[in-house]
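# Commentary on secondary and tertiary structure
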Amino acid sequence: MGKKDSTFDKPLAQNKKASHDYFIEDTFEAGMVLTGTEIKSLRNGRANMGDAFATIRNGEIFLHNMHISPFEQGNRHNPTDPTRARKLLMHKVQINKLYGLSRQEGYTIVPLKVYTRNGYAKCLIGLGRGKKNYDKRDVAAKKDAQREIQRALKEKQKVSY
């Protein structure tokens, strides 16, 4: 009947603070260079992207402060530093475009989530513009208003039956 699309799996790690702290303008997909048994730890859900950020140096893009716990049944090829800088794989044209956009005032490169596609680890990174406190309050107020509208509509539907 309905065949499941095997190219996308569920996210292995997500940066939930990113949408709270930044307006995400554009997103890019990048491959990840992992060593040893890091992919096994990722698949077990042993990753944390809370404080992760990305930088561009010498035409290469790196992911910093993403914590991937060592694999328990790992061998001597386990990485010793769980928060090491990991290289991201992107086309040179994409890196140059991202570099140019991120050099503008107030923009930064934010990792959003890590997932697998066709067996390879991928990282979705976004170009984010920082939110001010009043922006965060505006978004929260709009969410609350939308929730109230939905609640009122649901109550109205219950009454009409």
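Criteria and thresholds
Residues numbered from 1 in each chain as written. Predicted model: local features only at pLDDT ≥ 70, side-chain atom pairs only at ≥ 80, totals over all residues. Heavy atoms only, no water. Buried < 20%, exposed > 50% of the residue type's maximum accessible area, 1.4 Å probe, protein only. Helix = DSSP H or I, 4+ residues; strand = E, 2+ residues; numbered from the N terminus. Pairing = 2+ DSSP bridges. Contact = heavy atoms within 4.5 Å.

The next thing to look at is the pairing of strand S4 (residues 53–57). By the alternation rule, side chains of S4 split into Ala54 and Ile56, which are all buried, and Phe53, Thr55 and Arg57, of which none is buried. Pairing geometry for S4 and strand S5 (residues 60–64), over five bridges, is antiparallel. Among the inter-strand pairings, threonine 55 is bridged to a residue of S5, identified as phenylalanine 62. The antiparallel pairing of S4 with S5 creates a hairpin that spans two residues between the two strands, and asparagine 58 there sits at a positive phi of about 55°.

On the secondary structure map, serine 102 appears in helix H3 (residues 92–102). Residue contacts for serine 102: discarding those within four places in its chain leaves Tyr107, Ile109 and Leu127.

Burial along strand S7 (residues 86–89) is one-sided: Arg86 and Leu88 are buried, and none of Lys87 and Leu89, which face the opposite way, are. Inspection of the sheet shows strand S2 (residues 22–32) paired to S7 by two bridges, in the antiparallel sense. Counted as the bridge partner of methionine 32 is leucine 88 from S7. Pairing geometry for S5 and S7, over three bridges, is antiparallel. From the neighbouring strand, isoleucine 61 faces S7, where its bridge partner is leucine 88.

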